[in-house]
Every structure is written in C-alpha cells, then in structure tokens.
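Each chain, letter by letter, is given below.
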Amino acid sequence: MITCPKCNKENQDHYKFCLGCGSELPRDASPKKFASGGTPPQGIPAVRPGAVTDDMGAKGAVAQFPPVAPAAVHPPIAAQAGPSTAPVVCKDCGHTNAQANRFCASCGAKLPKPGSVPAMASPAAPPVASTPSAMTVVLTALRADGSEAGSYTLPSATFTIGRDVGAIFAGDNYLSPRHATFTSKNGKLSVRDESSLNGVYRKLYRDEPIAVVIGDIFRIGQEIVRFEALSAMPATADGVERLGSPSKGYVGRIALIIGRDATGNSFPIPETGLHLGRERGDVLFPEDGYVSGLHCRISYERGQLFVTDLGSSNGTFNRISSEVDLVDGDVLLMGQQLFRINIQT
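Residues numbered from 1 in each chain as written. Predicted model: local features only at pLDDT ≥ 70, side-chain atom pairs only at ≥ 80, totals over all residues. Heavy atoms only, no water.

Draft legend 1. Local environment of the overall build of the protein chain. Along the backbone of the protein chain there are one helix and 25 strands. With 345 residues in all, the protein chain has 42% of them scored as buried. When the accessible surface of the protein chain is totalled, it reaches about 17,600 Å², and 52% of it is carbon and sulfur. (Helix = DSSP H or I, 4+ residues; strand = E, 2+ residues; numbered from the N terminus. Buried < 20%, exposed > 50% of the residue type's maximum accessible area, 1.4 Å probe, protein only. Areas by Shrake-Rupley, 256 points an atom, 1.4 Å probe, with all protein chains shown as cover.)

Written out as structure tokens, the structure reads:
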C-alpha cells in the first residue's frame, strides 16, 4: 500500500493519484517483475458477488473510468449524506434525498429547505408499471468517489434510456439520445444497444473467462480493443507475394481503436495467449493510470478465444453486440458513467 503524504489515506501500490485528495502519490517502489504462467489459460474458479478478494475488496467492485470510480455495493444516498435526520423527497421526480442536499440528486431540481415540508418516513419511488413478474428495475449511477450519484427506476417493462430521458442521464454527452433498451419479461431482465455511438459495456466478473469472437470489442482503463482476424494478403496482379503474411502459431490479433473508423497499434495473439497490463505482461499501457499493473489475460483453448479479468482495480468490460440477459448487481458502462443494476421482485 502507498500512504498519501498529504491526507494519510492508504492507496493500492499501483495507483498514481490518491483516492482521498487527488494528490500525486510517491513512486519509490520498483514495478514487480512479471512471471508468466501464473494464470492457467482456462482461468480459475469464478468468484461470485459477495466473495472477498485480496486485490479488489468486495466482489462486484466497479471501475474508475472518468468521471466515475470503483465502488462496491453502497448504502442508499440518504445514508451517506452526513448527519441528516430525515430524508427530503423531490416534488418534481419523487427521488429521496438527504436533508443536507440543496438540489435533487436525480433530476437536479432545487429542494425545499429543511422543515418546510414534512419528512417522509420511507423513500418514495417513481411509479412503476406493473408487469407479470412484478419486477422493479433501478439503475444507480456511481460518482468518482464511489458514492451513488442518483438512481432511476424504469417506469415500464420495456423502456429506452438515453440523454433525451433527462434525470441522471442528461449531463453525459457521450450517451446517445436513445442509447439502450431494457426489457423485463417472465422474471428476467435484458438490455439491447440501440445502435448507440459509444456502445454498452458489461463488466466481467473476476477470474471468470468469457468467450469472444473476431469483431468483439472490450475495454480496459481508457483503452478500447477489438479482436481481429489475421488474414493472408493476396498476391499482386503480377503474381508477387506480399511480405508480412501471418506466421504459424498465431490465432488473431488485437487492435487499439483510436477513432470511429481508425485503429492504432495491433498485437498478434499467439496460441499461448497474452497478458495485458500497465507494468507487467506482454502488451503494456504505461501511460494509462486506469489500467492495473496486471489487468487481464487473453487465452486460446480448443479453438476458442477467451478474456479473463485478473482482479483489476477498474475492471474489464465487454461491449455487448446483441440483446443480453442481466442479473442483480451487474455493472454497465454507458457513455462516461457506470450504472449498477438492482432488480427487485
């Protein structure tokens, strides 16, 4: 651990800036030497939510992408807002706020002064249309310090969220006007990307490999990476063979996406796999402070590629390409915000 010299907060040894005050941390210790082979290609038994790990803390911690930061499951906003004694309900959207709040955490409306309205004994949620499964779905946005920035209850069994909805989505210009559609049916919740510009990403669970195919996109830190095939280039019209054809023993490559229709550096994937990280591994991102020292692994088993998060502080996210089912506690990255999914039945 690194102790901040300004505020004395303890930080993990690969952090560059203090999570308590934002000051730059001392970098006296040398990076740990990477030793390959520590993680079997197929990963290790999955750690489900609730299990304690030695790198992330409680399972299910979320990522620190600006402007959001890691957070485990948090108490309600009203419990975090200081020494308030009674919650205040927003008259515009019905969201419950701490008494110390001057503005609603959900819609931004100005709240009445303490004592000017009766305190509510229990939180009041926006009306939710009944469904056959009696399912209530709440999206909770997470701030940079890990606290809850506000929540939004989906008002119907099928509902499309985006910047046009307002509330907790209004201030994120990386969200499309219609970004993703959530559907609850027969006791299950699913999400579908509505051809948004920046996509919908789901956070991987630690040490739980997921299968990927050519064309899939995933994200670590601020790096957006796409799996691509290694294809031999055809000979020219006069029969000259091109140099640089794929070598035996490689099963594809990863390419960094640097623009809408542009890619940067590419790295071939050998049959033995790759480790990605900031300080250790085969592919390094030394300038990205949101990538862990050793972040994730790409492996190849029985003709299938897999990605495994290795307990990174900020998580590994896979972009969804079709409608996928969600479970309570899943974390989605949409725009520049993280959203925790809470399902109440």
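Draft legend 2. Local environment of the sheet that holds strand S18 (residues 274-277). Spatial strand order, S13-S21-S20-S18-S19: five strands in an open sheet with mixed pairing. The strands lining the two open edges of the sheet, one partner per strand, are strand S13 (210-212) and strand S19 (283-284). Note: S18 against strand S20 (residues 296-301), three bridges, orientation antiparallel. By the bridge assignment, His275 is partnered in S20 with Arg297. (Pairing = 2+ DSSP bridges.)

Draft legend 3. Seen up close, the pattern of salt bridges. For the structure on display, the rule yields seven salt bridges. Here Glu148 makes a salt bridge to Arg340, at a shortest N to O gap of 2.8 Å. With Glu148 in strand S8 (residues 148-153) and Arg340 in strand S25 (residues 337-344), the pair connects residues that are 192 residues apart, well separated along the chain. The burial state of Glu148 is the same as that of Arg340; both residues are buried. Note that Glu279 and Arg278 form a salt bridge whose closest N and O atoms lie 3.3 Å from each other. On the basis of relative accessible area, Glu279 is assigned to the partly exposed category, the value being 26%. Accessibility expressed as a relative area gives 4% for Arg278, which makes it buried. (Salt bridge = Lys/Arg side-chain N within 4 Å of Asp/Glu carboxyl O.)

Draft legend 4. Region of the structure containing the nonpolar core. Core analysis: the biggest nonpolar cluster contains 23 residues, and Leu139, Leu154, Phe169, Phe182, Met334 and Ile341 have the highest contact counts within it. Secondary structure elements with two or more residues in this core: strand S7 (136-142), strand S9 (158-161), strand S10 (180-185), strand S11 (188-193), strand S23 (324-326), strand S24 (331-334) and S25. Here the element with the most residues in this core is S7; it accounts for three residues. Sequence-distant contacts of Ile341, defined by excluding residues within four places in its chain, comprise Val137, Val138, Leu139, Phe182, Leu189, Leu326, Val327, Asp328, Gly329, Asp330 and Leu332. Among the nonpolar cores identified, the runner-up in size contains 18 residues, and Val212, Val225, Leu305 and Val307 belong to it. (Core = buried A, V, L, I, M, F, W, Y, C linked by side-chain atoms within 4.5 Å. Contact = heavy atoms within 4.5 Å.)

Draft legend 5. Region of the structure containing the pairing of strand S15 (residues 223-228). Across four bridges, strand S14 (residues 217-220) lies against S15 in antiparallel orientation. Note on S15: the bridge partner recorded for Phe218 is Val225. Joining the antiparallel neighbours S14 and S15 is a turn of two residues, in which Gly221 adopts a positive phi near 55°.

Draft legend 6. Structural detail: unusual backbone geometry. Look at Ser195: it is not a glycine, yet its phi comes out positive at around 55°. Position of Ser195 relative to the elements: it lies in the loop between S11 and strand S12 (200-203). Note on Ser195: relative accessible area 71%, which makes it exposed. Residue Asp207 is not a glycine yet carries a positive backbone phi of 60°. Looking at the element boundaries, Asp207 is found in the loop between S12 and S13.

Draft legend 7. Structural context of the sheet that holds S23. The strand order S9-S10-S11-S23 describes an open sheet built from four strands, whose pairing is antiparallel. Both outer strands of the open sheet, S9 and S23, are each paired with one neighbouring strand and no more. Strand-to-strand twist across the sheet, computed as the mean angle between neighbouring axes with direction ignored, equals 30°. Where S11 lies against S23, three bridges are found, and the strand directions are antiparallel. Looking across to S23, one finds that Val191 is bridged to Val324. (Axes fitted to C-alpha atoms, helices over the stretch in contact; angles between N-to-C directions.)

Draft legend 8. Spatial organisation of the environment of Leu305. With respect to the helices and strands, Leu305 occurs in strand S21 (residues 304-309). Assessed through its relative accessible area of 7%, Leu305 is described here as buried. Put simply, Leu305 and Val213 are 92 residues apart on the chain and 6.7 Å apart in space, counted from C-alpha to C-alpha. Those residues in contact with Leu305 that sit more than four places away from it in its chain are Ile210, Ala211, Val212, Phe227, Val251, Ile269, Ile298, Ser299 and Tyr300.

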